[in-house]
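Structural characterization, general
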Amino acid sequence: MTVSQLNQKRPNKRSFSFKTIPWLTLWSIGVYAILFAPVAVIVLFSFNDSQSRFNLIWHGFTLKNWLNPFADPTLAQAFFTSLALALLATCLCILLALPMTMALERFRIRGASALEMLLVLPLTLPEVVLGASLLLLFVQLRLPPGPVALVIAHTLFCLSYTAMALKARLGGHDWTLEEAAADLGAKPSRIFTQITLPRLAPGLLSAGLLSLSISMDDYVVSSITAGSVVTFPLRIAGAFQRQISPQIHVLSTMVLLISLVALVLSCREPEGRTNASTVGTDGD
Amino acid sequence: MSDLSNKAPVLELQGLYRRFGTLVAVDHLDLTLYKGEFFTLLGASGCGKTTIMRLIAGFDQPNAGRVMLDGVDVTHLPPQARNVHTMFQQYALFPHLSVWDNIAFGPRAQGKETSDTKRQIGDMLDIVGLAEKADFKPNELSGGQRQRVALARALINTPSLLLLDEPLGALDASMRRGLQLELKRIQRETGITFLMVSHDQDEAFSMSDRLVVLNAGRIEQLGTPREIYERSNSSYVAGFVGQANLLPEDGDNLSLLRPERIRLSQNPPGSDEEGCQGHLSALFYQGADWRLELTRADGSVLFILLNANEAPPSLTLGDSFWAVWKRTDLHRLTSGAI
Amino acid sequence: MKPLRNLRLSRRAIPLLLVAPGVAWLLFFFVLPILQLLLESWSQPTTRFGLESTLSANPQNYNDAISLASPLLLRSIGVAGLATAIGLVIGFPMAWWVVCRGGRWKPLLTGLVVTPFFFSYLVRTIAWTTLLADSGPLMQAIKFLSLGHLLNTIGLLQDGRLLNTTTALVAGLTYNYLPFLVLPIIASLGTIDPILLEAAADLGARTPRIFIKVVFPLALPGIISGGLLTFIPAMGDVVNSQYLGGVNDRMIGNLIADLVLIQQRFSTAAAISMLLLTMIGISLLIYTRKLGPTSPGGN
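Residues numbered from 1 in each chain as written. Chains lettered and ligands numbered in written order. Predicted model: local features only at pLDDT ≥ 70, side-chain atom pairs only at ≥ 80, totals over all residues. Heavy atoms only, no water.

Take the nonpolar core next. Nonpolar side chains in soluble globular proteins tend to be buried together. Leu-161 of chain B together with Leu-189 of chain C are the most contacted members of the largest nonpolar core, which totals 204 residues. Considering each element in turn, this core owes the most residues, 16 residues, to helix 2 (residues 60-101) of chain C. Beyond its immediate stretch of four places on either side in the chain, Leu-189 of chain C contacts Phe-92, Ala-95, Trp-96, Val-99, Val-215 and Ala-219 of chain C. One finds Leu-93, Ala-104, Val-128 and Leu-183 of chain B within the second-largest nonpolar core, a separate group that totals 32 residues. (Core = buried A, V, L, I, M, F, W, Y, C linked by side-chain atoms within 4.5 Å. Buried < 20%, exposed > 50% of the residue type's maximum accessible area, 1.4 Å probe, protein only. Helix = DSSP H or I, 4+ residues; strand = E, 2+ residues; numbered from the N terminus. Contact = heavy atoms within 4.5 Å.)

This is the structure in structure tokens:
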């Protein structure tokens, strides 16, 4: 089909010819299918009436896994350990990242670009190296691997993500409201709690969520710094050879659903400019 | 322009029709452009002028009608296969290519790059006055320079027809005048037919040999700038191309009286003149001239443009005057009440 | 916060105070450990399995590291490079489609690229073991189409299996880092003014030429940063080779983890880490120097 025939058939599509190569759509749908294939497996197998210790073969539909998400006590414990760890690390991250990013966006700081570089660098490090270097530090500090080490490690790698997410949000922040409030005589603490914080809430929520899901997900750094603590991914990895219970699938799906709902909620506010990517609006 | 009929038509639009959903953007348009002329599509936002241009360039296909270029039907040919180039409103220069490479893009894309191309590009850079900027990237140029690169790029392949989409729209007012003259000069030097789209009446008048005023996808009037200004055939055209006083005549008919045709007087009009009496209700001094509004007893307002040396020594709000004009300066509109 | 009029604080001190805790955290828990790692790589352990060591100019650790790690390092580079290349081939057309045809669905389509990654990395990878297992849907399809022999011959299958092969490892890496590759490309394609494509077509360029001369150079910064965001973590990846790769598919990350956790050979692990970091540093440097975000594309 030539370009002109294509356009002739669909005069209402004013998009430029070679954007409409037909196989592109098929290709992209295929890629999306691949992206979601494991998701489908996980969700599907959370409903599997698993007969063996390994929930890897389909036996039939059941709701019993969903009705007893914490049926596997060690798994449940690991899940809540991970949740607590993630919450703690996320709170710490926000406490550290919020003032830092606000200062970066609000003031001219000497060495701001160096600081931004410092914030990004941990992300360029392979997790194994990050874990190894932290372990080395903890050994020197005579701090045995364990809960404290875990919190520090998680806060470190979540900090970069949180700071970047917050920075992106604060980049579009209009500070005139804060200035107006100050002009009206409000105290800084009042300005912060009554004006800045509520306006930043969606950004904080999404940054916090990002940090939560990254922390809940971490396997490599945790495996080096956890000591005897068993997090959710560590439990899954440890049990992989012996047992894969359907509750793993249930809990993972629950985490996914909660993150998605929260993501949608936090995205609703700054929807903003719609990206007009189609060509050729009648500009006259 | 009586000699046009002897010239070869470059572009013929025949019954061109384009609709988007229920919105008719181009409504059965017929238009012929002749070789070497500077033609303008003049109209307000949404009159369909950009759509017409996209149909000619090949970025869009009409629902009905034909686009003939040099006597060949190109209606369904892709843009690549048409000997029409466009100078885009925001210039659309390739940001990653130098000025030279931008201009060379066309000859290279059409596989026409020869040893001669280098010389041609050099000549073109001379014509647009950017010989020293050949190695610059677009973001290192000023707005006016970018515009000239865009022009050179569009002209290098010597198209039958050059489309210019609001060519001066992205520039500030002080630069426009100079570039208008330059565009006109380049058009004359190259002899290429230019079709410009504009919403700016001054720009259209000062550059075009002929123009059409478009309204809702239809041609309101076709003619030389002077014909369109002095002998507007509708109240829409009269109002669009300048300030107009529309005076009711017998019946439903209206007559057009341009503000600069009116003079102020203490005395009633003479034998070949008409006039009316009123008081000055607005007064704007503009240096070279005055803009005035004269309100008559019945409440209707007359716009007046007075050359500074024709103005009475003192003008004060509320003064009573006669507004006087020659009967021959009245032009009777052929269609439409307001 | 900013107008601390009431406090007796110099205005210039406020930003520093705000920044201080975060910077201190990063210096103490990031910069310091990396420096220690560097020192460790130049130290000799005083006891065979102990953690105490003394600094020395002896490059013994690096000799060990190179002899121990170079095959794995090369393999990691190869595997990560392959995953990045395949990801590009898969991801670029998709990014193009999302940008051009997404219209008002573009934010949703972009979001969908990331959605699967809210699942635990580990769980996702385990799900792939289900998909790639001998009894899984992919192998069933291969058997049904009788492609097994063919795929075995060209090396995509090993002994008629898909799971625990290099193919599975590369596929897993490609999959797990695809969003990092696609999102920057979507972003850079999104910045290309569609009118440039029209201008190119208007000047007589046909589709392949428009793509090579206009789209590709303008999308290059996105392609490169996406490529780096895929290549670097894929090179240091631990999980995929553990769950999807075969016995011979260990990567450099697995070696470091082993040395640290099991063999407790910190000095050697530190030296290997330094080699890895140097390579990452070089690739990042080339990126920022040659193709920094300020200068889009080459000629």
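That covers the picture; the talk isn't over yet.
With that out of the way, let us pick up the interface of chain A and chain C. Counting residues at the interface gives 92 residues for chain A, matched by 86 residues for chain C. For the pair chain A and chain C, the two sides together bury roughly 8100 Å², of which 79% comes from carbon and sulfur. Joining chain A to chain C, the criterion identifies 1 salt bridge. One salt bridge in this structure joins Asp-217 of chain A and Arg-124 of chain C, with 4.0 Å as the shortest N-O distance. Counting every contact that joins chain A to chain C gives 7 residue pairs in polar contact (both at pLDDT 80 or more). (Buried area = accessible area lost by both parts, 1.4 Å probe. Salt bridge = Lys/Arg side-chain N within 4 Å of Asp/Glu carboxyl O. Polar contact = N/O pair within 3.5 Å; in protein donor to acceptor, adjacent residues only side chain to side chain.)

This part covers the domain arrangement of chain B. Residues and elements named next belong to chain B. Examined at the domain level, chain B breaks down into domain 1 (2-236) and domain 2 (246-332). Computed over C-alpha atoms only, the centres of domain 1 and domain 2 are separated by 39 Å. Listed by partner, the interface residues are 6 residues for domain 1 and 6 residues for domain 2. Carbon and sulfur atoms make up 49% of the area that domain 1 and domain 2 hide from each other, which totals about 520 Å². Linking domain 1 with domain 2 are 1 salt bridge, by the criterion used here. At the boundary of domain 1 and domain 2, one finds 4 residue pairs in polar contact (both at pLDDT 80 or more). The biggest single contributor to the side of domain 1 that touches domain 2 is helix 7 (residues 225-230), with 3 residues. (Domains from an automatic or database assignment.)

Below, the discussion takes up the sheet that holds strand 18 (residues 331-332) of chain B. All names here are of chain B. One open sheet accounts for 3 strands, arranged 11-12-18; its pairing is antiparallel. Edge strands, defined here as strands with exactly one partner in the open sheet, are strand 11 (245-248) and strand 18. With 2 bridges connecting them, strand 12 (residues 254-257) and strand 18 associate as antiparallel partners. Looking at strand 18, one finds that Ser-255 is bridged to Arg-332. (Pairing = 2+ DSSP bridges.)

Residues and elements named next belong to chain B. Most of helix 2 (residues 99-109) sits inside the fold, with 9 of its 11 residues counted as buried. Among the residues of helix 2, Val-99, Asp-101, Asn-102, Ile-103, Ala-104, Phe-105, Gly-106, Pro-107 and Ala-109 are the ones counted as buried. Once helix 2 finishes, Gly-111 follows within two positions and takes phi at roughly 65 degrees, a positive value.

All right, on to the pairing of strand 17 (residues 320-326) of chain B then. Residue and element names in this part refer to chain B. Within strand 17, 5 of the 7 residues are buried, leaving the element largely enclosed by the surrounding structure. As paired strands, strand 14 (residues 273-285) and strand 17 are joined by 7 bridges and run antiparallel to one another. Residue pairing across strands places Gly-278 opposite Phe-321, the latter belonging to strand 17.

Turning our attention to the packing of aromatic side chains. A complete count under the given rule lists 22 aromatic pairs over all chains for this structure. Consider the rings of Phe-79 of chain A and Phe-80 of chain A, whose centres lie 5.6 Å apart with planes at 80 degrees: the pair is edge-to-face. With a relative accessible area of 6%, Phe-79 of chain A lands in the buried category. Between Tyr-121 of chain C and Tyr-177 of chain C, the ring centres sit 6.5 Å apart and the planes meet at 55 degrees, which makes this aromatic pair tilted. Residue Tyr-121 of chain C is located in helix 4 (residues 121-132), and its partner Tyr-177 of chain C is located in helix 7 (residues 166-190); the two are separated by 56 residues in the primary sequence. The exposure class assigned to Tyr-121 of chain C is buried, which follows from its relative accessible area of 13%. Among the aromatic residues, ring-to-ring pairing joins Phe-70, Phe-79, Phe-80 and Phe-232 of chain A into one connected group. Looking at Arg-153 of chain B, its charged tip hangs above the ring of Phe-94 of chain B, at a distance of 4.8 Å from the centre. (Phe/Tyr/Trp six-rings, centres within 6.5 Å; stacked < 30°, edge-to-face > 60°. Lys NZ or Arg CZ within 6 Å of the ring centre and 35° of its normal.)

Here we take up the side chain of Arg-18 of chain B. All names here are of chain B. Mapped onto the fold, Arg-18 is located in strand 1 (residues 9-20). Among the polar contacts made by the side chain of Arg-18, one reaches the side chain of Asp-60 at a distance of 3.0 Å. Within polar-contact distance, the side chain of Arg-18 engages the side chain of Asn-63 at 3.3 Å.

To continue, consider a nonpolar patch on the surface. Nonpolar side chains collect at one region of the surface, where Leu-44, Trp-58, Phe-61, Leu-63 and Leu-67 of chain A lie side by side and expose about 560 Å² of accessible area between them. Among the secondary structure elements, Leu-44 of chain A is positioned in helix 2 (residues 22-45). (Patch = residues over 30% accessible without salt bridge, like charges linked within 9 Å, V, L, I, M, F, W, Y side chains within 5 Å. Areas by Shrake-Rupley, 256 points an atom, 1.4 Å probe, with all protein chains shown as cover.)

Right, let's talk about the pairing of strand 3 (residues 38-43) of chain B for a bit. Residues and elements named next belong to chain B. Most of strand 3 is tucked away, with 6 of its 6 residues classed as buried. Burial of strand 3 is two-sided: the residues Phe-38, Thr-40 and Leu-42 facing one way and the residues Phe-39, Leu-41 and Gly-43 facing the other way are all buried. In terms of strand pairing, strand 3 meets strand 8 (residues 193-198) through 5 bridges, oriented parallel. Following the sheet pairing, Leu-41 is matched in strand 8 by Val-197. As paired strands, strand 3 and strand 9 (residues 210-215) are joined by 5 bridges and run parallel to one another. In the strand pairing of strand 9, Thr-40 is matched with Leu-211.

Residue and element names in this part refer to chain B. Note that Leu-211 resides in strand 9. For the pair Leu-211 and Val-197, spaced 14 residues apart in sequence, the C-alpha to C-alpha distance is 9.8 Å. The contact partners of Leu-211, leaving out residues within four places of it in the chain, are Phe-39, Thr-40, Leu-42, Ala-204, Phe-205, Gln-221, Leu-222, Gly-223, Thr-224, Pro-225 and Ile-228.

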